[in-house]
Amino acid sequence: MKVNKAEFTISAVSPAQYPAGDLPEIALSGRSNVGKSSFINKLIQRKSLARTSSKPGKTQTLNFYHINELFYFVDVPGYGYAKVSKKEREKWGKMIEEYITTRQSLRLVLILVDFRHEPSQEDVQMREFLEYYNIPYRIVMTKCDKIPRGKWNKHVSVIRKAFGKPPEDLFLTFSSETGEGVEKAWKFIEQFISKESIA
C-alpha cells in the first residue's frame with residue numbers, strides 16, 4: 001500500500017476517547033523497546049510520525065494513527081518494563097484488555113517480538129489472550145537485521161516453539177533498518193481491511 005496521508009489522531013486511555021466511526025484498526029502489542037513505533041514509521045515511510053523513544057515504557061496510552069483515511073494503527077503501551085510501578089502496569093493492562101475485548105473496529109493484533117530473543121511470558125500470554133477471544137493476530141519478529149541470515153531458521157524455530165508452534169504463515173521477519181518484511185507486513189494488514197477500503 002502506498003501511504004499518501006498519515007496523521008496522529010489521539011492518545012486515548014478510555015473508550016470515550018477512541019476515534020468515532022468504524023474504520024478498521026490494526027493494533028501493535030509487544031514489550032517496551034521492541035520497535036512498534038519504528039514499525040509504523042517504516043511502513044508509512046515517515047521518519048517520525050510515531051514517537052520513538054530510547055526510554056522503554058514511554059508509551060502510556062493507546063496512540064491512534066490515521067492512515068490514508070482508510071484505517072488506524074493503534075500503538076498500545078509496551079509491557080514488561082520493570083521501572084514502571086506494579087500499579088501502573090496493572091492500569092495499562094486493564095486499559096489494553098478493555099480495548100482488545102470491546103473494540104468492534106479492531107481487526108488484527110500484531111504481536112511484535114525481538115528476533116534476537118526468546119519471547120517473554122507476556123508475549124506468550126498475549127497470544128493466548130487473543131486466541132481465547134478469537135481475535136486474529138500475526139507475529140512480527142523485529143530487528144532481524146541484527147542476526148546473520150544463516151541463523152534465521154534457528155531463531156524462527158525458537159520463537160515458534162515458545163508460542164506453541166502456530167502455523168509458519170502467521171510469522172514475519174522484519175527490519176525497520178533494511179525494510180525486510182515491509183511488503184509482507186502490508187499483505188497481512190490488507191487482508192484485514194475491507195475490500196472496499198483497499199480498492
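Criteria and thresholds
Residues numbered from 1 in each chain as written. Predicted model: local features only at pLDDT ≥ 70, side-chain atom pairs only at ≥ 80, totals over all residues. Heavy atoms only, no water. UniProt positions renumbered as here; feature names shortened; annotations may be inferred. Salt bridge = Lys/Arg side-chain N within 4 Å of Asp/Glu carboxyl O. Buried < 20%, exposed > 50% of the residue type's maximum accessible area, 1.4 Å probe, protein only. Core = buried A, V, L, I, M, F, W, Y, C linked by side-chain atoms within 4.5 Å. Helix = DSSP H or I, 4+ residues; strand = E, 2+ residues; numbered from the N terminus. Contact = heavy atoms within 4.5 Å. Pairing = 2+ DSSP bridges. Right-handed = clockwise from strand over helix to strand, strands pointing away. Phe/Tyr/Trp six-rings, centres within 6.5 Å; stacked < 30°, edge-to-face > 60°. Lys NZ or Arg CZ within 6 Å of the ring centre and 35° of its normal. Axes fitted to C-alpha atoms, helices over the stretch in contact; angles between N-to-C directions.

In the nomenclature of an unreviewed UniProt entry, the chain corresponds to Probable GTP-binding protein EngB from the organism Granulicatella adiacens ATCC 49175. Note on the chain: under the UniProt heading Function (unreviewed entry), the record states "Necessary for normal cell division and for the maintenance of normal septation." Recorded in UniProt for the chain, the comment headed Cofactor (unreviewed entry) runs: "Mg(2+)".

## Thoughts on the pattern of salt bridges
When their charged atoms lie close together, side chains carrying opposite charge are able to pair. By the definition in use, this model includes nine salt bridges. Put simply, Glu168 and Arg160 hold a salt bridge, and the shortest N to O gap is 3.6 Å. A relative accessible area of 57% places Glu168 in the exposed class. On the basis of relative accessibility, which here comes to 18%, the residue Arg160 falls in the buried class.

## Focus: the nonpolar core
Grouped together as the largest cluster of nonpolar side chains are 34 residues, with contacts concentrated most on Tyr99, Ile100, Ile111 and Leu130. Of all the secondary-structure elements, those providing two or more residues to this core are β3 (62–67), β4 (71–75), α2 (86–102), β5 (106–114), α3 (121–132), β6 (137–142) and α4 (152–162). Not counting chain neighbours up to four residues away, the residues in contact with Ile100 comprise Leu106, Met126, Phe129, Leu130 and Ile135. Formed by 28 residues, the second largest nonpolar core is a distinct cluster that contains Ala6, Leu110, Leu172 and Phe192.

## A closer look at unusual backbone geometry
One non-glycine residue with positive phi stands out, namely Gln45, at about 60°. By secondary structure assignment, the location of Gln45 is in the loop between α1 (36–44) and β3. Positioned with a positive phi, Glu69 is a non-glycine residue whose angle comes to about 55°. Relative to the assigned elements, Glu69 resides in the loop between β3 and β4. Take Glu69: its relative accessible area is 47%, and that puts it in the partly exposed class.

## Here we look at the pairing of β5
Within β5, eight of the nine residues are buried, which leaves it mostly tucked inside the rest of the structure. Here strand β2 (residues 25–30) pairs with β5 via six bridges, running parallel. Of the residues in β5, the one forming a bridge with Ala27 is Val109. Of the pairings in the sheet, the one linking β5 to β6 comprises six bridges and is parallel in character. Among the inter-strand pairings, Asp114 is bridged to a residue of β6, identified as Thr142. Following the backbone out of β5, through α3 and into the adjacent parallel β6, one traces a crossover that is right-handed.

## Focus: the packing of aromatic side chains
The tally for this structure, following the rule as stated, stands at 13 aromatic pairs. Of the aromatic side chains, those joined through ring pairs into one cluster are Tyr18, Phe64, Tyr72 and Tyr99. Positioned over the ring face of Phe188 is Arg138, at 5.4 Å from the centre of the ring. The residue whose ring lies beneath Arg149 is Trp152, and the NZ or CZ to ring-centre distance is 4.2 Å.

## Quick notes on the sheet that holds β5
Pairing within the open sheet is mixed, and its seven strands lie in the order β1-β3-β4-β2-β5-β6-β7. Either end of the sheet is taken by a strand with one partner, and the two such strands are β1 (6–12) and β7 (171–173). Across the sheet, the mean angle from the axis of one strand to that of its neighbour is 25°, orientation sign disregarded. Relative to β4, β2 runs parallel, the two being bridged by four bridges. When the bridges of β4 are listed, Ala27 appears paired with Val74. Here α1 sits on the sheet and contacts β1, β2, β3, β4, β5 and β6; the angle it forms with β4, its principal contact strand, is near 155°. Contacts from helix α5 (residues 182–191) reach β2, β4, β5, β6 and β7, with the element oriented near 150° to β7.

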